[in-house]
Number of protein chains: 4
Amino acid sequence: MAPISGDFKGIVPPVVTPFTENDEVDVESLERVVRFLLDGGVHGLFALGSTSETALLTDQQRATVIETIVTGAAGQVPVLAGVIDMSTARSIEHARVARQLGVDGLVLTAPYYVRPSAVEIQAHFQAIHEAVGLPILAYDIPFAVQTKLDRRLVLAMAVDGLIVGIKDSSGDEANFRALVAEARATLPSFATFTGSELVVDLALVAGASGCVPGLGNVDPAGYVRLYDLVGKGDLEGARLEQERLIRLFSIISAGSPERMGFSAAAFGGFKTALVLRGVIASNVMGRPLNRYNAEETAKVRTILEETGLL
Amino acid sequence: MAPISGDFKGIVPPVVTPFTENDEVDVESLERVVRFLLDGGVHGLFALGSTSETALLTDQQRATVIETIVTGAAGQVPVLAGVIDMSTARSIEHARVARQLGVDGLVLTAPYYVRPSAVEIQAHFQAIHEAVGLPILAYDIPFAVQTKLDRRLVLAMAVDGLIVGIKDSSGDEANFRALVAEARATLPSFATFTGSELVVDLALVAGASGCVPGLGNVDPAGYVRLYDLVGKGDLEGARLEQERLIRLFSIISAGSPERMGFSAAAFGGFKTALVLRGVIASNVMGRPLNRYNAEETAKVRTILEETGLL
Amino acid sequence: MAPISGDFKGIVPPVVTPFTENDEVDVESLERVVRFLLDGGVHGLFALGSTSETALLTDQQRATVIETIVTGAAGQVPVLAGVIDMSTARSIEHARVARQLGVDGLVLTAPYYVRPSAVEIQAHFQAIHEAVGLPILAYDIPFAVQTKLDRRLVLAMAVDGLIVGIKDSSGDEANFRALVAEARATLPSFATFTGSELVVDLALVAGASGCVPGLGNVDPAGYVRLYDLVGKGDLEGARLEQERLIRLFSIISAGSPERMGFSAAAFGGFKTALVLRGVIASNVMGRPLNRYNAEETAKVRTILEETGLL
Amino acid sequence: MAPISGDFKGIVPPVVTPFTENDEVDVESLERVVRFLLDGGVHGLFALGSTSETALLTDQQRATVIETIVTGAAGQVPVLAGVIDMSTARSIEHARVARQLGVDGLVLTAPYYVRPSAVEIQAHFQAIHEAVGLPILAYDIPFAVQTKLDRRLVLAMAVDGLIVGIKDSSGDEANFRALVAEARATLPSFATFTGSELVVDLALVAGASGCVPGLGNVDPAGYVRLYDLVGKGDLEGARLEQERLIRLFSIISAGSPERMGFSAAAFGGFKTALVLRGVIASNVMGRPLNRYNAEETAKVRTILEETGLL
């Protein structure tokens, strides 16, 4: 089992979930994604994140995804599994399956649909922690779950040993920076990952542990290069690489807002790029999300060419 | 099977789900709730609504709830079942179970966690409609699922035969009124239910079909009396009854906002009142929500006394 | 001076502010609007509301508007003046001018740009009350000022004598209904006006004092008729009239969302209708808002024809 | 006149506006603030920003503030003036006064209270640009004005010559980073300032021009030191300095949320620290905001001591 806290860091993409035209998990394509990411040098794999369309998967499909990724990773890098669900009971169910399938850690959001208080969120983390015993990263994504994980709550849960790190996809970079600063001062082994693809160099400069970039599916080598440039202190080089990745990120604007919500535009953009790069067979999305059509795909192709990926 | 569209109307409470201290569905208490509601004269039962803490139940618990309510209703009133979940695939799973257990109709929200477009929401409704064939009411509850069902989308789905009615818990009463007006003019069999406990008399005056009041668990006879007063044209009497129910609704403010989010405060308030009224055994909530403590329960008792229920 | 509290009730439109092509107040058109409203039977006039584009007027223009409306009203109906501004100091300046110009009462929002606490909002109301002495209606419009006036705050200010009523444009009709219920029980002289054009019959059934309908500029006689129908207990007639006014309200959707924000679409729709009805000379808006173009105006014309106003 | 675009950069605090106990601008205290900031080495002064409580000032008070700051700056650094108001007409009035008083540039938000479209916002900027001719920085602060300045709109206005830079207080650091990246590539003279006190080192690493830190009133020398450390490439030193300033920023949490909204807590915290540091005479706030009381002031004192400022 690979380490999760302390020296857990680097580029850990949330792995997309390819589908067949019959709405099943396309296992062969998923295997190729895993190899593509490992070849790109990533430091970990995050199965069943938001980008993975976890919210759209059945329990059986979730298990298939974990199994495929754990097998593909073959112990080379740690594998995290999201146990995203509305309730304590369901998250424990997912966590038990994930543990049995051999993941190295869990990623857990606040419950949603209900709008819990901070006290109730803490009880949720406590319950999954007690039930499963694996290391847990808190996943802060109010866009999806409506509730922001307050910085005081995160630090309290870290002190109590309920979580070993955080994945911050809140969009509130100033708050994340304050969290990184406080963790550096008082909890040096606490892992701090940003979910924002556009400010990875900056998060690392601030002392964050790493990034969980959805866009890392499309260009894992680029994100690893960025990580290494910051590590070497070449910030000018890092800035240029990050700026290229910012241009690449504009693929998610290729999806028509008439047809698509944010999720289909973003995750579908990543999938479409992976089809164009020859990694996966189809850009079909989990139901009921729309896939990119030919016109939208052509826009993605142009951006891939402009950023050196085709 | 009882009728769902056309003449489907009246007071249809979303039935609370009592739990045992072991976090299991308390079937005996649930049976008593069903009898209490039927004795109160309600016109239908909505199993697995938001008030039912559906988001916190396992699949097996959902089935237990439906089974208990369908059995208890014994064909006297129609039973609707919520198929609340994040994805098309999961909602279809729930819908098939519900159909097998004998419900008369389904209640379906927009998918959540992902933030779908209107086109994707319509595809979701289409898929459940095709898979199961039962009458569907659209459930508009942006507080829980983040996305408002646009009035144009609702009417389009009604025209297309995907839905037979709506349960509006959006809090946007002006928009609901405009929907009722347009439905009255062009879709006379479309059922329009408000989820707002505080304006039931007004919704009925506007021409709505009825109400799905969470508070109706606590005082079903009061809501039925209110419905009948409006039906007889006694609006002054209806206003006084509604004003009493508004005072009763303040039980949900008895829960401490330090300890509880909105869901625990509201649904827990209803459960606490049902314990005090002798209907259910315990006010324990689905994990991870907090239950009312002794001090909060005392406040609920006072309000029940002041509104004539104790 | 006409009465403001106690028996202050009915239809009190927020009077639109016509402009000339040179961006000045078109006094002659404004005089015609006042006559048009009085001829329609309205029970009061609200100068310098949101619909009046008060936020876009200079101090001199505000004075011109009040002067014109007070003169036009000639004591037949009470005239209220909005003293909408960001700060206590500026609202006092406006209030003193309004008093000098002979208005019967003031309409005051929470301060904005800054985001005040409830305690700070109460201090604001206290200060204007002490400085000017005129009756004040609280104006609850979080869409414009970001802060909702909490029901407890409103009732506390009423008990303290700081306000004599409320104009509720919050869109939260359930909360307004609870406020009306509590005022009926404990503060019978407190005036309760809804700002929602679509539920006037319902607000009156609930016991509200009246309505401040922006759409009342376009069809004052319609809103007065609606008010009278409810007063006579003809709720079926009232419902039909309200449903016609709901159809009329759709003129505000004629403005292109590409070109216009909500304010230009709504207030500009009212002005365009008034041009078509021959009341004002131009539909020019306060800078920087866009006016309706020919295509949008044609849509408004169709709706006016369909609702019997052309 | 000092340069505003091209080589306009560095630390440009939004100068607080001290008040007397009689609610007038405390000119002597303001003069001391200006000297304190200049002694701290700041690169420019921003009069009448949000932190300056501009929203709470009368027109005469606004002029007094500008006059005092321009005189105090004495041409050593450029002076920017906010022309924050709801409408095009009022912003032009403010802009003309500011020009006459000798400022070097203007800072302009989107109009507010009304909710303008992007097209209407652009018309607003165009009108002030044409009326006054001074360089304009766009001020993106949706917290106060409700509307986010879209990145495409900002860049279009820059290309059209309507604005020479931006002050980004939106809190959306990822979007700001993308803006900086695009400006670096295509508009090298466009000035990019962050308003976020907590990520100044990161913004500079990304290539931003500088920062407009409200907290810079309290510790101008600290922010200038931070700026210089990044300039010298000492990012470890910069990080430590930024982390100290993050701890200092917690003074704004000393204000009780029962008594205060965000503005009083933040701007009042800065003022209270300036009283404790001996720079201004009183921490009184613009009406109706509450000032820090003795208990809250004691908390600020502790933080100043812990961060080496007392």
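This is a predicted model, so every value here is computed, not measured.

Student: I tried to follow the interface of chain D and chain C on my own but got confused; where do I start?
Tutor: One frequent convention defines the size of an interface as the accessible area lost when the parts assemble. Facing 47 residues of chain D, the contacting portion of chain C comprises 47 residues. The largest per-residue losses of area from chain D upon contact with chain C belong to Y113, E120 and P288 of chain D, which jointly make up 21% of the total buried on that side. For the pair chain D and chain C, the interface holds zero salt bridges. Taken together, chain D and chain C are joined by 16 residue pairs in polar contact (both at pLDDT 80 or more). Among the secondary structure elements, those contributing two or more residues to the side of chain D that touches chain C are α2 (59–73), α3 (88–100), α4 (118–132), α5 (142–145) and α11 (262–276) of chain D. Here the side of chain D that touches chain C is built from residues that sort into 26 nonpolar, 11 polar and 10 charged.

Student: I tried to follow the nonpolar core on my own but got confused; where do I start?
Tutor: As a rule of thumb, nonpolar side chains are buried together in soluble globular proteins. Formed by 496 residues in total, the largest nonpolar core has its most connected members in L45 of chain A, L45 of chain B, L45 of chain C together with L45 of chain D. Discounting residues that sit within four places of it in the chain, L45 of chain A has contacts with V12, P13, V15, V34, L37, L38, I69, A73, V77, P78, V79 and L80 of chain A.

Student: Is there a simple way to explain the packing of aromatic side chains in this structure?
Tutor: How two aromatic rings sit relative to each other is given by the distance of their centres and the angle of their planes. In total, this model carries 18 aromatic pairs over all chains according to the counting rule given. Note on Y112 of chain A and Y113 of chain B: the rings are 5.3 Å apart at their centroids and 50° apart in plane angle, and the pair reads as tilted. Taken together, the positions of Y112 of chain A in the loop between β4 (105–109) and α4 (118–132) and Y113 of chain B in the loop between β4 (105–108) and α4 (118–132) put the pair across two chains. Members of the aromatic cluster, connected to one another through ring pairs, are Y112 and Y113 of chain A together with Y112 and Y113 of chain B. Just above the ring of F143 of chain C sits the side chain of R115 of chain D; from NZ or CZ to the centre is 4.0 Å.

Student: When you look at the interface of chain D and chain A in this model, what are you seeing that I'm missing?
Tutor: At the interface, 23 residues of chain D touch 23 residues of chain A. For the pair chain D and chain A, the summed buried surface comes to about 1900 Å²; carbon and sulfur atoms form 59% of the total. Among the residues chain D hides against chain A, the three largest losses belong to R177, L202 and R239 of chain D. Together they make up 31% of the total. Along the contact surface separating chain D from chain A lie four salt bridges. A salt bridge links E243 of chain A to R184 of chain D; the shortest N-O distance between them is 2.7 Å. At the boundary of chain D and chain A, one finds eight residue pairs in polar contact (both at pLDDT 80 or more). Of all elements in the fold, only α7 (173–186), α8 (200–206) and α10 (235–249) of chain D reach the threshold of two or more residues within the side of chain D that touches chain A. When grouped by side-chain class, the residues that make up the side of chain D that touches chain A number 12 nonpolar, four polar and seven charged.

Student: Explanation requested: the relation of the copies chain D and chain C in the structure shown.
Tutor: Least-squares fitting of chain D to chain C yields an RMSD of 0.0 Å, with the transformation described by 0.0 Å of translation along the axis and a rotation of 180°. Classification of the inter-copy transformation places it as that of a two-fold axis. Measuring from the rotation axis to each C-alpha of chain D, the shortest distance belongs to Q146 of chain D, at 3.9 Å. Both copies contact each other with a shared surface, as 100% of the interface residues of chain D are interface residues in chain C too.

Student: Where do I start with the sheet that holds strand β1 (residues 10–11) of chain D in this structure?
Tutor: Sheets are built from strands paired through backbone hydrogen bonds, the pairs being either parallel or antiparallel. All names here are of chain D. As summarised here, the arrangement of the eight strands in space is β1-β8-β7-β6-β5-β4-β3-β2, forming an open sheet in which the pairing is parallel. Both edges of this open sheet fall to β1 and β2 (45–47), since each of them pairs with a single strand only. Contacts from α4 reach β4 (105–108) and β5 (136–140) within the one sheet, and its direction differs from that of β4 by about 160°.

Student: I would appreciate a short explanation of the relation of the copies chain D and chain A in the present structure.
Tutor: Here the second copy of the chain follows from the first by a rotation about an axis and a shift along it. Rotating chain D by 180° and moving it 0.0 Å along the rotation axis overlays it on chain A with an RMSD of 0.0 Å. Both copies share a contact surface, since 100% of the interface residues of chain D are interface residues in chain A too.

Student: Quick question: what am I supposed to make of the packing of helix α11 (residues 262–276) of chain A against helix α12 (residues 294–306) of chain A here?
Tutor: In a pair of packed helices, the angle between the axes and the distance between the axes together describe the arrangement. Residues and elements named next belong to chain A. At a minimum axis distance of 10 Å, the contact between α11 and α12 shows a crossing angle of 70°. Of the possible angle classes, the one that applies to α11 and α12 is roughly perpendicular. Regarding α11 and α12, the two cross each other, and that crossing is right-handed. Taking contact as the criterion, the partners of T272, A273 and L276 in α11 are, on α12, T297, V300, R301 and L304. Looking at side-chain class alone, the contact of α11 with α12 contains four nonpolar, two polar and one charged residues.

Student: So what exactly am I meant to see when it comes to the pairing of strand β6 (residues 165–168) of chain D here?
Tutor: If a strand is regular, its side chains alternate between the two faces of the sheet. Residue and element names in this part refer to chain D. Alternating residues of β6 divide into G165 and K167 and I166 and D168, and every residue in both groups is buried. The pairing of β5 with β6 spans four bridges and is parallel. Following the sheet pairing, Y139 is matched in β6 by K167. As paired elements, β6 and strand β7 (residues 191–194) share four bridges and run parallel to each other. Note that in β7 the partner of I166 across the bridge is T192. Tracing the backbone out of β6, into α7 and back to the parallel element β7 gives a crossover that is right-handed.

Student: Got a minute to help me understand the environment of V300 of chain D in this structure?
Tutor: Relative to the elements of secondary structure, V300 of chain D occurs in helix α12 (residues 294–306). Put simply, V300 of chain D and I252 of chain D are 48 residues apart on the chain and 8.2 Å apart in space, counted from C-alpha to C-alpha.

Student: Explain helix α10 (residues 235–249) of chain C to me, please; I cannot follow it from the model alone.
Tutor: In an α-helix, one turn spans 3.6 residues; hence positions three or four apart end up facing the same way. All names here are of chain C. With 15 residues, α10 should reach 21 Å at 1.5 Å per residue; the first-to-last C-alpha distance of 20 Å fits that figure. Along α10, 12 of the 15 residues are buried, which leaves the element largely enclosed by surrounding structure. For α10, the full list of buried residues reads L235, G237, A238, R239, E241, Q242, E243, R244, L245, I246, L248 and F249.

Student: Any chance you could explain the sheet that holds strand β2 (residues 45–47) of chain C here in plain terms?
Tutor: Residues and elements named next belong to chain C. Spatially, eight strands are ordered β1-β8-β7-β6-β5-β4-β3-β2 in an open sheet, and the strand pairing comes out parallel. With partners counted over all chains shown, the strands left at the sheet margins are β1 (10–11) and β2, one partner each. The pairing of β1 with strand β8 (residues 210–211) spans two bridges and is parallel. Within the sheet, the bridge partner assigned to G10 lies in β8 and is G210.

Criteria and cut-off values
Residues numbered from 1 in each chain as written. Chains lettered and ligands numbered in written order. Predicted model: local features only at pLDDT ≥ 70, side-chain atom pairs only at ≥ 80, totals over all residues. Heavy atoms only, no water. Contact = heavy atoms within 4.5 Å. Buried area = accessible area lost by both parts, 1.4 Å probe. Salt bridge = Lys/Arg side-chain N within 4 Å of Asp/Glu carboxyl O. Polar contact = N/O pair within 3.5 Å; in protein donor to acceptor, adjacent residues only side chain to side chain. Helix = DSSP H or I, 4+ residues; strand = E, 2+ residues; numbered from the N terminus. Nonpolar A, V, L, I, M, F, W, Y, C, P; charged D, E, K, R; others polar. Core = buried A, V, L, I, M, F, W, Y, C linked by side-chain atoms within 4.5 Å. Buried < 20%, exposed > 50% of the residue type's maximum accessible area, 1.4 Å probe, protein only. Phe/Tyr/Trp six-rings, centres within 6.5 Å; stacked < 30°, edge-to-face > 60°. Lys NZ or Arg CZ within 6 Å of the ring centre and 35° of its normal. Least-squares fit on C-alpha atoms with pLDDT ≥ 70 in both. Pairing = 2+ DSSP bridges. Axes fitted to C-alpha atoms, helices over the stretch in contact; angles between N-to-C directions. Parallel < 35°, antiparallel > 145°, perpendicular 65-115°, else oblique. Left-handed = near helix turned anticlockwise from the far one by under 90°. Right-handed = clockwise from strand over helix to strand, strands pointing away. Expected span 1.5 Å × (residues − 1).

Any functional reading would require information that these geometric values do not contain.
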